[in-house]
Structures are given as structure tokens and as C-alpha cells.
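Breakdown of the fold
Next come the chains, spelled out residue by residue.
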Amino acid sequence: MNYISTRGNFENIPSAKAVKLGMVPRGGLFVPEKIPHISTKDLNKMSAYDYRQLAQEILSNYLTDFSREEIEECTNKAYNSHNFDTLEVAPLHKLNESTFILELWHGPTAAFKDIALQIMPHFLSKAKVKLGSKKETVILVATSGDTGKAALEGFKDVKGLKIIVFYPHQGVSKIQELQMTTTEGSNTYVVAVKGNFDDCQNAVKEIFADTAFNFYMNERGYELSSANSINWGRLAPQIVYYFWSYLQLFRKREIQSGEKINFCVPTGNFGNILAGYYAFLMGLPVGRFICASNENNILTDFINTGIYDKRREFKKTNSPSMDILISSNLERFLFEITGHDGKKINTWFKELQSKEYFTVDPFTLKKIQQSMTGDFALEEEVLSVIKEVYRKYNYLLDTHTAVGFKVFLQTGQRKPSPVKTVICSTANPYKFNSSVLEALKGKAYVSQKNEFEILEELKNITGLEIHQGLKDLNKKEIKHKGICEKQGLREAIKEILSI
Ligand SMILES: *Cc1c(COP(=O)(O)O)cnc(C)c1O
């Protein structure tokens, strides 16, 4: 199966090349030319699979130029008991008769990005060999906190690859900083940048676009690449857990064969929910998707009006991983919704660049609304829903999952026979510990405590074990102490590579 550009501006390429390139060089995203279909009969057969077997089955439908053995090797390296605290990888927690929480945070860094970033580096490593690339790949990442650590853990010790993460000096939490600076592995590098996240991001973008610097690197045997969420190699692994949660429900006799379920997804860059939509296009019985946003509610407005308008204030909220105004993966969704209309996609995304907004036609809007509803939650609602769910079910949500839960409550349920709904839980509650403790105990209670005291406090209150990746961070050796000026990233890279 080949991959095509959402803007019709690139040749058809095999999956290995799509993974290696990341995005279409002239703008646009790679998508599969044709979507593989899985029948209800096949689906029932898969219900006995473990997570790894299911991942092999789904991924081999998409990465068609990888052999079954290669895919197996990748899934074994990613989804094992060293990386995940359960071989279920994504356990499903039953909250009540019709509501289930899909816990996507059992990986090494306690957030859902692990599920894709634990496997994608192995795809990339294999893709390079397939394409005969002899250069060593240097992955550059600018992070506001979470992606950096997830990428470091994923790329750690993967052959033929090095990773350098830049984060804003004094611009991330103490725990996030320690998570990154204590990273082990012979190919991982972390540098603090004297500037904010935008400075880091802009500097990295500039480096990717700097022909002279890229040439300099190539001459010395290196090529630059990125690990960001628009790479198909990051999207495909996320399709797996939509099937997984469905099959769990089937196996536990919560649903009949072929019964439709709903998914509610806390959304930022639109990658997670888009993976669910691909699962639906493949034949997974889904009633609708609920797209949950925080106060950066550009997607809520889009789904309700057909106008995508980024002329609005950026808000920093207590669900920071969803503080996003440009949801890159929306482009893939619209490409599928319009039946692969590259012309329309071109027009809309050019308008977004030049005018900062675009409007889809009424027919497209209707199609969007047939499969998706959108709503948002306020910061204080997030806190009260964490408290309420904890009181009612003795279950602790993180702030991002709480956005999802609140929006799910707002959308209402059919009575008396509600559709079973799976809410994607994207982070372990301890990862956003101070907001979670604030939800339970109030702001004043939290304000005098440092992050490690807050972790302990949460543990004392809830009895929940502290996630392995967050525990004892203050006792680990700091391995990365580099710091640079915001104009100094190129020099930092040269120094790291000794070139
Ligand atoms: C990245 C992230 C999200 C948003 O996921 P998208 O795929 O960007 O929509 C939500 N919650 C957490 C905790 C995240 O890290």
C-alpha cells in the first residue's frame, strides 16, 4: 500500500519512506492511499489476541513494506514489561455500567505519547535500512515539557539514531526537568535554552530549514529529522488501542458482537482522536466521537460551525498538553471526510496561513457532524470533576482526562439504555500532581508545597502507587547539564556531535 499527500503535491511512496520523511516536503501530510478493512468476523477472531499480537495485526495492514518479522521485532521491543507496567499496555477501567476509562499512561513517562513513541523509533531505524540510508539520524525536539521525555525514552539506545532535546530553561516544572536531565542511554542529549518554548521551537524550525547547516551535517555523516506527531509512524500505533478497548469490552461481555460504542477523546493536536477515526474507517463499530477541548476551544467551534479560526487568544490552562491552536492532524481528517479532495485541502490550509481562518462547505460540515461532536471544559470545571469522580468512584483523573470526562457529561446520554462510552485517559494523575491535589484539597493547601511533597501527599490521600517514571527523581543522577543561548543551538549540536 502506498502513501499519498493530503495536498496532492507529492509522488506515491511506500510506508518506510513516509515514516522517514515525516511530513510532505512541500507541505501536506502523508496518508494511506486506501484504508484496510477489518470485518466483524475478523474482529471477533482478534478478541483472543494480546496487545502485541493485535498491534502486529493492525500495523502490518499499514506498514506493508515491512515484513511480519520486522513488525514483530518492533512490537516486542516496544510493548514489553520493561517499558510498560502491564502487558495489557492500555488497560480498560470500568467506572460504571456504561462508562469505561482507557488508561493510555502505563508507559515509561506516564503519558499516552509513550504508546506511539516507544515503537516509532524502531520503525524509523528499520525504514532507514530499507531505504539504504547510511547517515546517522539526529532527531531534534523542542519541548514544553512532556514530549521531550517521551521522545528521549523512545529513542534511547535505538541503533543509528541520536536524539537532542531542547527545553526552555526555567520554563518547565521541576519534575519535568528532572525527568529529562536524568535520562540514561548512550545516544540521548538534553539542553536547556535560555528562552521560552517559542524560542526553542522557532530555533529548531530554523535549523531544519537551514540548507547550509543541513549540508554541513550531511558532509559529516549526519542527517536531521524530527519525531513530531504528524509522522504516520506515530499515528498508526495509536489506531491499535481503539481496537483493543473494543475487544476488551467484547471479551468481558460488556457489548455484543458488532455493537456500536462511543469514544470521548481529550484533544490537542488531533492525533489521538484521528487514530480513532481511522479505526472507524477500518470497520470498528463506533457510534460517534466526542472531541473534548479545554479553553483553547478552536476545535469545538469548528465542529459546531465549520469555521476554523485561530484569531484568538492563546490560553495557558491546567491541561497544558492540550494548549494548542493549530491542530495539525485535522488536515488528515478533512482529507478523509471530503473523499480525498486535495484541492479543497489546499485551499483551506492556504487560507489558514494567509487569513488565519477557513470555512468548510455545508456538505463537509454535515459529514463532520455525523461522526463527531465537540465541546469544551473550563479550568474550574476540570478541578471539580476530578474531585467529584474521586468522591463517587474512588478513581483519580488527571486534568486532561478530566476535560474529557466533563465534556462527556455535558453531551448527555441516551436513556434508559446508554451507548457504552470509552474515555481516553491520556496521563497518569501524578504527572499533573499540583492541579490534581488542588482539586482535592484547594489552592491554599497546595501553594506551600514542592512537587515531591505533593506527590507524597497524593499518595497518602489516595493510596495509589507513584508511577515508576516519576518516583525518586530527586535521587537520580543528573546526566545532562548543558545550557545554551537561544541563538546557540547550532553550536550546541556541533559540540554534542564533536563536528
Ligand atoms: C499530547 C497530549 C494530549 C493531546 O493529544 P493529541 O493527539 O495532540 O490530540 C492530551 N493529553 C495529554 C496528557 C497529552 O500529552
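First things first, this report covers the structure right here in the doc. Nothing here was measured: the structure is a model prediction, and the numbers come from that model.

A look at the overall build of the chain
When helices and strands are tallied, the chain shows 22 helices and 16 strands. Over its C-alpha trace the chain gives a radius of gyration of 22 Å, about what one expects of a compact globule, namely 23 Å for 499 residues. Along the first, second and third principal axes, the C-alpha set of the chain runs to 65 × 55 × 50 Å. For the chain, with 499 residues in total, the buried portion stands at 57%.

Examining empty space enclosed by the protein
All chains considered together, the criterion is met by 1 cavity of 30 Å³ or more. Of the voids in this model, the largest cavity is the one considered here, and its volume is about 40 Å³.

Topic: the environment of D114
With respect to the element layout, D114 can be found in helix 5 (residues 113–117). Note: C-alpha distance between D114 and S125 (11 residues apart in sequence) is 17 Å. With sequence-adjacent residues up to four places away left out, D114 is seen in contact with F84, G107, P108, T109 and A150.

A few points about the side chain of K126
When you line up the elements, K126 lands in helix 6 (residues 120–130). Accessibility expressed as a relative area gives 18% for K126, which makes it buried. There is a polar contact of 3.1 Å between the side chain of K126 and the side chain of E73. When near neighbours in sequence (up to four residues on either side) are disregarded, K126 contacts F66, E70, E73 and C74.

Thoughts on the packing of aromatic side chains
Here the structure, examined in full by the defined rule, presents 23 aromatic pairs. A centroid spacing of 5.6 Å and a plane angle of 20 degrees characterise the contact between Y308 and F358, whose relative ring orientation is stacked. Within this pair, whereas Y308 is found in strand 12 (residues 307–309), its partner F358 is found in strand 13 (residues 357–359), the two being separated by 50 residues in sequence. An identical accessibility class is assigned to Y308 and F358; each is buried. Here the aromatic cluster, defined as three or more aromatic residues joined through ring pairs, consists of Y241, Y242, F263, F270, Y277, F280, F289 and F333. Of note, K130 hangs over the ring of F66, and the distance from its end group to the ring centre comes to 5.0 Å.

Details of the sheet that holds strand 3 (residues 30–32)
Spatial strand order, 2-1-3: 3 strands in an open sheet with antiparallel pairing. Where the open sheet ends on each side, the last strands, each with one partner, are strand 2 (13–14) and strand 3. With 2 bridges connecting them, strand 1 (residues 2–5) and strand 2 associate as antiparallel partners. Looking at strand 2, one finds that N2 is bridged to P14. Of the strands in this sheet, strand 1 and strand 3 touch helix 14 (residues 330–337), which is tilted by about 40 degrees from strand 3.

So, the nonpolar core
Core analysis: the biggest nonpolar cluster contains 106 residues, and F155, I239, Y241, Y242, F243, F333 and L334 have the highest contact counts within it. With 12 residues, the top contributor of residues to this core is helix 11 (residues 232–251). Each residue touching Y242, except ones within four places of it in the same chain, is listed here: F263, V265, N272, I273, A275, G276, A279, L284, F289 and C424. In this structure, W105, V389, V407 and F452 belong to the second largest nonpolar core, which totals 39 residues.

Here we look at the environment of T305
Mapped onto the elements of the fold, T305 is located in helix 13 (residues 298–305). Between the C-alpha atom of T305 and that of L365, which follows or precedes it by 60 residues, the distance is 7.6 Å. In this structure the side chain of T305 is engaged in a polar contact, spanning 3.1 Å, whose partner is the backbone nitrogen of I307.

Some remarks on the site of the ligand
Close to the ligand lie 14 residues, the nearest being K113, G268, N269, N272 and T426. G268 places a polar main-chain atom, nitrogen or oxygen, 2.7 Å from an oxygen atom of the ligand. Here N272 contributes a backbone N or O atom positioned 2.9 Å from an oxygen atom of the ligand. Contact with the protein chains removes 96% of the 380 Å² of surface that the ligand exposes when unbound.

Details of helix 15 (residues 342–355)
Under the 1.5 Å per step criterion, the end-to-end length of helix 15 is 19 Å for 14 residues, consistent within 8% with the ideal 20 Å. For helix 15, the set of buried residues is G342, I345, N346, W348, F349 and L352. Just past helix 15, the residue E356 takes up positive phi, approximately 70 degrees.

Details of the pattern of salt bridges
This structure, assessed with the given rule, holds 26 salt bridges. Of the charged contacts in the structure, one is a salt bridge between D309 and R311, with a shortest N-O distance of 2.9 Å. Among the residues examined, D309 registers a relative accessible area of 17% and is labelled buried. Counted as one network, the salt bridges with shared partners bring together E73, K77 and K126.

Basis of the calculations
Along every chain, residues carry numbers that run from 1 in the direction the sequence is written. Two thresholds apply to this predicted model, a pLDDT of at least 70 for residue-level local features and 80 or more for giving and counting side-chain atom pairs, whereas whole-chain, interface and lining totals are computed over all residues. Hydrogens and water molecules were not included; the side-chain quantities draw on all heavy atoms of the structure. Under the DSSP-based scheme used, a helix requires at least four consecutive residues in state H or I and a strand at least two consecutive residues in state E, with every element numbered from the N terminus. The size measure is the radius of gyration over C-alpha atoms, and the globule rule it meets is 2.2 Å times the number of residues to the 0.38 power. The buried label goes to any residue with under 20% of its type's maximum accessible area, the exposed label to any with over 50%, and the partly exposed label to all in between, with areas taken from a 1.4 Å probe on protein chains only. Only protein atoms enter the 1 Å grid, on which a cavity is a set of points fitting a 1.4 Å probe that cannot get out and a pocket is an open set with protein on both sides within 12 Å along at least 5 of 7 lines, lining residues being those with an atom within 4 Å of a point. Grid points are joined across faces, edges and corners, and a volume is the space filled by probe spheres set on the points. When checking whether two residues touch, look at their non-hydrogen atoms; a contact exists if any pair is within 4.5 Å. Polar contacts, as used here, are pairs of N or O atoms within 3.5 Å; protein pairs need one atom able to donate a hydrogen and one able to accept it. Residues neighboring in sequence count only if both atoms are side-chain atoms. When the centres of two rings from Phe, Tyr and Trp lie within 6.5 Å, Trp using its six-membered ring, the rings pair. Their planes under 30 degrees apart give stacked, over 60 give edge-to-face, and anything left gives tilted. In this scheme, Lys NZ or Arg CZ marks a charge over a ring once it lies within 6 Å of the ring centre and within 35 degrees of the ring normal. Strand pairing follows a simple DSSP-based rule, namely that at least 2 bridges must link the two strands. The axes are straight lines fitted to the C-alpha atoms, using for helices just the contacting stretch, and the angles between their N-to-C directions are given from 0 to 180°. To form a nonpolar core, buried Ala, Val, Leu, Ile, Met, Phe, Trp, Tyr and Cys residues must be joined to one another through side-chain atoms within 4.5 Å. Whether a residue is near a molecule or strand depends on its heavy atoms: it is near if one of them lies within 4 Å of it. Every accessible area reported is derived by Shrake-Rupley at a probe size of 1.4 Å, with residue values counting cover from the shown protein chains alone. To estimate how far a helix should reach, multiply one less than its number of residues by 1.5 Å. Between Lys or Arg on one side and Asp or Glu on the other, a salt bridge is scored when a side-chain nitrogen of the former is within 4 Å of a carboxyl oxygen of the latter.

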